[in-house]
Structures are given as structure tokens and as C-alpha cells.
Amino acid sequence: MSHREGNTKSLYLFTSFRDADQNFLRFLYSYDGYHWTNVPGTFLEAKVGGSKQFRDPSLLRGPDGIFHLVWTTGWHGDQGFGYAESKDLIHWSEQKFVPVMTNEPTTVNVWAPELFYNEREKDFIIVWASTIPGRFPDKLEKHDNNHRLYFTTTRDFTNFTPTKLFFDPGFSVIDPFILKDGGHFVLICKDNSRPNLNLRVAFAKTPLGPWGNVSEPFTQKFTEGPCALKIGDDWLIYFDAYREKIYGAVKTRDFKNFTEVTKEVSFPEGHKHGTAIKVPRKILDGLLNSQTTNSQTNL
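From a predicted model like this one, the values you see are computed outputs, not experimental measurements. (Residues numbered from 1 in each chain as written. Predicted model: local features only at pLDDT ≥ 70, side-chain atom pairs only at ≥ 80, totals over all residues. Heavy atoms only, no water.)

What follows concerns helix α2 (residues 281–289). Considered for burial, the residues of α2 that qualify are Arg281, Ile283, Leu284 and Leu287. Along α2, the residues classed as buried sweep out an arc of 160° about the axis, all on the same side. Exposed side of α2, more than 90 degrees from the buried face: Lys282 and Asn289 are the residues found there. (Buried < 20%, exposed > 50% of the residue type's maximum accessible area, 1.4 Å probe, protein only. Helix = DSSP H or I, 4+ residues; strand = E, 2+ residues; numbered from the N terminus. Arc of directions from axis to C-beta.)

Pairing between the strands of a sheet is mediated by backbone hydrogen bonds and can be parallel or antiparallel. Ordered by their spatial adjacency, 3 strands build an open sheet running β12-β13-β14, and the pairing between neighbours is antiparallel. Unpaired on one side and paired on the other, β12 (173–181) and β14 (198–204) mark the two borders of the sheet. Averaged over all neighbouring strand pairs, the angle between strand axes comes to 25°, with direction disregarded. Strand direction decides the pairing type here: β12 and strand β13 (residues 184–191), joined by 7 bridges, are antiparallel. The residue of β13 that forms the bridge with Phe177 is Ile188. (Pairing = 2+ DSSP bridges. Axes fitted to C-alpha atoms, helices over the stretch in contact; angles between N-to-C directions.)

Right, let's talk about empty space enclosed by the protein for a bit. Tallying each qualifying case throughout the model produces 1 cavity of 30 Å³ or more. In this structure, the largest cavity occupies an estimated 90 Å³ of space. Forming the boundary of the largest cavity are 13 residues, of which Ala112, Glu114, Gly225, His273 and Gly274 lie nearest the centre. Where the lining of the largest cavity is concerned, the elements lending two or more residues are β4 (55–61), β8 (111–118), β12 and β15 (224–231). Looking at the lining of the largest cavity, its residues break down into 5 nonpolar, 5 polar and 3 charged. (1 Å grid on protein atoms, 1.4 Å probe; cavity = no way out; pocket = protein on both sides within 12 Å on 5 of 7 lines; lining within 4 Å. Points joined across faces, edges and corners; volume = space filled by probe spheres on them. Nonpolar A, V, L, I, M, F, W, Y, C, P; charged D, E, K, R; others polar.)

For the rest of this paragraph, the subject is the sheet that holds strand β6 (residues 80–86). Sheet architecture is open: 4 strands sit in the order β4-β5-β6-β7, paired in antiparallel fashion. In this open sheet, the two strands that pair with only one neighbour each are β4 and β7 (96–99). The average angle at which neighbouring strand axes cross in this sheet is 30°, direction not considered. Of the strand pairs in this sheet, β6 and β7 are connected by 4 bridges, and their pairing is antiparallel. Paired with Tyr83 across the bridge in β7 is Lys96.

Attention shifts here to unusual backbone geometry. Omega for the bond connecting Arg194 with Pro195 falls within 30 degrees of zero, at 15°, which places this linkage in the cis form. Looking at the secondary structure, you find Pro195 in the loop between β13 and β14. Not every positive phi belongs to a glycine, and Asp56 is a case in point at roughly 55°. Exposure remark for Asp56: the relative accessible area of 9% places this residue in the buried category. Within the chain, Lys245 stands out as a residue other than glycine whose phi angle is a positive 60°. Relative to the assigned elements, Lys245 resides in the loop between β16 (234–241) and β17 (246–252).

Right, dumping it as C-alpha cells:
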């Protein structure tokens, strides 16, 4: 362990899952945001939803120190997402399935729910992608694979506001990630239309939009699952280059000029997309010392 690592009071955690099982929450950790190491073991097994899958975990720590986790519970058929909370990322509350698209009975899916804390309103925004067949022009998309972004808000993860449309850029869009940069907000998302299948950004004055000034794509084709961390003066945007089966990154300071840094970052093999957050050192120490490691699922 380097001198810097030994004295750091905080570091970065990345939620993860594996395609090989799609049932368990995993973590990576990093001291610099560039080099990531696997936390051994698994820390939550999916119990809710029709398929009881575990994909796309989004983690956020609220102002009271409680960690909130949401995830995709199934490819198709589930009209909601999974939720659990924890103080230490080891001991978890009972899982809940949150039905957010049942008001639209033809909804095909609820993919990649993402958490954002709205400081102004003191509530949590949850954004995800769903297909409601026929709601928007299909263009080149399949009738059951034409997504838009939707959202709900909550203060207690028990009561949720009615679901509303979050973002319709005029093309199929999935994998939202919201960040605050200075006095404005940035939405990173995947243009899921054919033939693009890559990442763009949009901008707004509030975290609920309206979103505009949609950028041209800034990653190669077959990239998805973005999230971002502020490292020094740079924003690092991580993404899953799923055809190459690697994790990549770009860096930017203005969300207009992007520099590819995939060769500068390193991730454990098999890592699939979640979100990265800053946490106190004691949280990682607890995970590393935890006795919850299940060797049978330590893929």
C-alpha cells in the first residue's frame, strides 16, 4: 500500500455485477479513479421482481448517511425496479420491488434505474428507460425496443410521485446518468438508436430538465452504461464497451471536448456497469473485512 493510499480518508467505490450470474451486488474500489480493484465476494443477492435478476446497480448516499441502491430486476416483463438500503453496504434492508410503470400496462421493461439527490428539493430523483410500444415513432427500432426516459421522485423510498416522461430526444435512449457541474446539470445517456449505440450528453438548469443542446456522440459504437466522477479538474466518464468486453473512459472539463483515456484506466475482467461514488475509507475497510464473502459466487 502506498503512502497516499494508507493516509487517504476517502476513496471511490464502483457498484458492479457479472453477466455470468446476474444475481449479486459486487464492488470495485479505487484511490485515484483510474485503477480499480475488485472487492472479494458478493454483498446482496437479488430477491425481487419476476426474474429476480440483478443488473445495473445505482448507489447513492443520502444526506443522513444511508446508502440507497436501485437495480434492474429483469430484461422484460417487470414494470418496476429493485430497492434496498444500508448503513455499511454489508447489512441490507429487506428488498422492495417498486412498481413505477404499472399505469402503462403495455410497458415492456424498466431498465437501469439511476439515482440522483436533488439538493434544492431535498428529494431523490430516480430515472430509467422504458419502452411503451407505439408511444413514439419506431424509425429503425423494433416496436418493443424503442425507449424513452421516465422518472419518479421520493423522500423516503416508500412514497413515490407519479411517473412522468423525463427525456425524449427524438430517438431511443437508455442508461441515464445525471451530474451537477457548477451551476448547471448534465445528463449522460446512451443513444440506443440504430445505427448509433453510443453516448451523448444534454444540458439543463435543473436536474429535472428540460434537457437541451444534445451533443453529438462522443464515444465509439457499442458503448453504454455511463457514469462519471470528478477527479481533480477533470470529469471522468466511464462506459461499458460491451462488444470489446472492456471498460473504457473519456475525460472532459466542459462536456464539449472529450479525450479518450481508456488506455489509462484499468478494471477487473468481467466488470459490468454500475455507478461510482466517493465514500469514507471506513466503508471500504468494512467491506474488505466483511465475513459475508461467498466463495462460491466469487467469480
